[in-house]
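# Structure at a glance
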Amino acid sequence: MTASAARAVNRGRFPWAPDDPTRMQRAGVALVIGVAAAALNYFRASEKSGMSDFTPLWYAARMLSHGQNPYLLIGPHLTIDTPTPLVYPAPAFVSILPFTFLTFHVAGAVFVFVSTVLLAWGVTRDGWHRLPMFPSVAFLTSAQLAQWSILMTASVFIPVIALVAIAKPQASLPIIGSTSSRRAVYAASIGGVMLVAISFILLPEWPKEWWRLVGSTDYFVPPIMRIGGPLVALVLLRWRRREAWLIFIAACLPQTWYPYNGLLLLAVAATYREACVLSLFSSASWMAVYLFV
C-alpha cells in the first residue's frame, strides 16, 4: 500500500477522490467555497439593507479612526442602533481598519471570502476529509452573519492567523491554550501587543468602556454551566490529546448559544466519518432547537 493510500484509509476513506490533494486543487476548492460563502453573506445581508454582525465592527473601526468612542455611539437606541451592546474589545476594531475603505455591505462579504478561503485552505492541508464542516449550520450561519468564528477556526490550521486572536478572545483562547504550535503562540503574543498598543493610542479609555458593557450583558454563559454542560469535562479522560483541551477550554469560556460558536469544534474531526457525524448531528440539533424551542 502506498503512503497516500494508507493516509486515505486512516482518514476514513474519503469517498469521492484520493485524500491527498495538491496545492493547486486545494487553492481551487478554497476559492470556490470562498466565493459561495461571500455570495451567501452578500445576498443574505441585502435583505437587511446590507447589515450583518460585521457592520457594528465596521462602524466602530471608522469611528475609532476619526477619534470617536464607538462604545458610546453603537448599541441599542444609540447613533448606530443595534440589538445588543458593542461587546468586542477595541483591538478587534483596529484589525478591521483595512476593510473600512469599502462600504460595510461589501466589506462584510470580503471579510467572509478571505476568512473562508483561509479556512478551506487550512482544513485541506492533510486531506479532503474535513470538508463536511462547510455544509454545517455552524458554518452557514457564520457566513451569513459574517462572524469571526470562520477566521478563528482557520487559525487552528494556519498559526499565523493568531496575529488577530485578541479580536475575539473567547474563540481564540481555546486554540492558543490547546495548541502545540509555538508559531501560533508567538503570533498571538506579537499581534496582541501590536493591536492593544494601537487601540490605546486611538482610544485610551477603551478597557473601562468595554468592561462596563460586558458586565451589563447576561447572555454570555460558559457552556459547561448550562444543562448537561458538566459532562463536557469527560473529554479530559483523553487529556493527552490537544483536541480534548480545545473542547474543554471552549466550554469554560462565556459564549452565546448561537450555532456559529460551534464551528471551532468541528475542527477536531480526524476522519471523514467523524467530520460527517459532527456536521450532521450538530446541524440537526440546532435545527430542532430552531423549529421546536
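Note that the structure is predicted; figures quoted are calculated from it, not measured.

Before going further, it helps to spend a moment on the overall build of the chain. Assigned secondary structure in the chain consists of 12 helices and two strands. Sequence-ordered secondary structure for the chain, helices as α and strands as β, is α-α-α-β-β-α-α-α-α-α-α-α-α-α. In terms of C-alpha radius of gyration, the chain reaches 19 Å, essentially the compact-globule figure of 19 Å for 293 residues. Structurally, the chain occupies a C-alpha span of about 65 × 45 × 40 Å along its principal axes. Looking at the chain as a whole, 46% of its 293 residues are labelled buried. A sequence separation of at least 24 residues applies to 72% of the contacts in the chain between residues at least 6 apart. Carbon and sulfur atoms provide 69% of the accessible area of the chain, an area that totals close to 15,100 Å². Looking at the chain, you have 21 positive and 11 negative side-chain charges, and the mean spots of the two groups are 9 Å apart.

A few words now on the packing of aromatic side chains. Going through the model one piece at a time under the given rule, you end up with 17 aromatic pairs. With 5.6 Å between their ring centres and 50° between their planes, Tyr 71 and Phe 93 make a pair best called tilted. One end of the pair, Tyr 71, is in the loop between helix 3 (55–65) and strand 1 (74–75); the other, Phe 93, is in helix 4 (residues 90–96), and 22 residues separate them in sequence. Here the two residues Tyr 71 and Phe 93 agree in accessibility, since each one is buried. Taking 5.2 Å as the distance between ring centres and 70° as the angle between the ring planes, the aromatic pair formed by Phe 111 and Trp 148 counts as edge-to-face. With Phe 111 in helix 5 (residues 104–123) and Trp 148 in the loop between helix 6 (137–145) and helix 7 (149–154), this residue pair connects regions lying 37 residues apart in the sequence. In terms of burial, Phe 111 and Trp 148 fall into one category: buried. By the ring-pair criterion, three or more aromatic residues cluster together here, those being Phe 54, Phe 99, Phe 111 and Trp 148. Positioned above the aromatic ring of Trp 121, the side-chain terminus of Arg 26 is 3.8 Å from the ring centre.

A few words on the packing of helix 8 (residues 169–178) against helix 11 (residues 242–252). Close contact between helix 8 and helix 11 brings their axes to 8 Å; oriented N to C, the two are set at 150°. By the angle between their axes, helix 8 is roughly antiparallel relative to helix 11. Both helix 8 and helix 11 take part in a crossing whose hand is right-handed. On the side of helix 8, the interface is formed by Leu 173, Pro 174, Gly 177 and Ser 178, while helix 11 contributes Arg 242, Trp 245, Leu 246, Ile 249 and Ala 250. Grouping the constituent residues of the contact of helix 8 with helix 11 by class yields six nonpolar, two polar and one charged.

What follows is about the layout of surface pockets. The method is simple in principle: a probe with the dimensions of a water molecule rolls over the atoms, and the space it marks as empty is what remains. Estimated volume of the largest pocket: approximately 1,600 Å³. Listed by contribution, the elements that provide at least two residues to the lining of the largest pocket are helix 2 (23–46), helix 3, helix 6, helix 8, helix 10 (206–215) and helix 12 (272–292). Taken together, the residues of the lining of the largest pocket break down into 32 nonpolar, 10 polar and five charged. Estimated volume of the second largest pocket: approximately 820 Å³. Along the walls of the second largest pocket sit 31 residues, with Pro 223, Asn 261, Gly 262, Leu 265 and Trp 286 positioned nearest its centre. Every element with two or more residues in the lining of the second largest pocket is listed here: helix 7, helix 8, helix 11 and helix 12. No other element matches the four residues that helix 12 contributes to the lining of the second largest pocket. For the lining of the second largest pocket, the class distribution of residues is 20 nonpolar, 10 polar and one charged.

Moving on, we come to helix 5. Between its terminal C-alpha atoms helix 5 stretches 28 Å, which fits the 28 Å expected from 20 residues at 1.5 Å a residue. Across the 20 residues of helix 5, 14 count as buried, placing the element largely inside the fold.

Next up on the list: the confidence of the model for the chain. Caution applies to low-pLDDT parts of the model: their predicted coordinates are not meant to be read in detail. With 94% of its residues at a pLDDT of at least 70, the chain reaches an overall mean of 89. Here helix 1 (residues 3–10) stands out as the element of the chain with the lowest mean pLDDT, 47, in contrast to helix 5, whose mean of 96 is the highest. Segment residues 1–6 is flagged for pLDDT under 50; beyond a separation of four residues in sequence, or across chains, it makes three contacts in the model.

A word on helix 12. Under the 1.5 Å per step criterion, the end-to-end length of helix 12 is 30 Å for 21 residues, consistent within 8% with the ideal 30 Å. Those residues of helix 12 that sit buried are Tyr 272, Ala 275, Ser 279 and Ser 283. Down the axis of helix 12, the buried side of the element spans an arc of 65°, and every buried residue falls inside it. For helix 12, the exposed residues lying more than 90 degrees away from the buried face are Arg 273, Phe 281 and Phe 292. Where helix 12 is buried, its residues meet helix 6.

What counts and how
- Residues numbered from 1 in each chain as written.
- Predicted model: local features only at pLDDT ≥ 70, side-chain atom pairs only at ≥ 80, totals over all residues.
- Heavy atoms only, no water.
- Helix = DSSP H or I, 4+ residues; strand = E, 2+ residues; numbered from the N terminus.
- Rg over C-alpha atoms; globule rule 2.2 N^0.38 Å.
- Buried < 20%, exposed > 50% of the residue type's maximum accessible area, 1.4 Å probe, protein only.
- Contact = heavy atoms within 4.5 Å.
- Areas by Shrake-Rupley, 256 points an atom, 1.4 Å probe, with all protein chains shown as cover.
- Lys, Arg positive; Asp, Glu negative; His and termini not counted.
- Charge placed at Lys NZ, Arg CZ, Asp CG, Glu CD.
- Phe/Tyr/Trp six-rings, centres within 6.5 Å; stacked < 30°, edge-to-face > 60°.
- Lys NZ or Arg CZ within 6 Å of the ring centre and 35° of its normal.
- Axes fitted to C-alpha atoms, helices over the stretch in contact; angles between N-to-C directions.
- Parallel < 35°, antiparallel > 145°, perpendicular 65-115°, else oblique.
- Left-handed = near helix turned anticlockwise from the far one by under 90°.
- Nonpolar A, V, L, I, M, F, W, Y, C, P; charged D, E, K, R; others polar.
- 1 Å grid on protein atoms, 1.4 Å probe; cavity = no way out; pocket = protein on both sides within 12 Å on 5 of 7 lines; lining within 4 Å.
- Points joined across faces, edges and corners; volume = space filled by probe spheres on them.
- Expected span 1.5 Å × (residues − 1).
- pLDDT = per-residue confidence, 0-100.
- Arc of directions from axis to C-beta.

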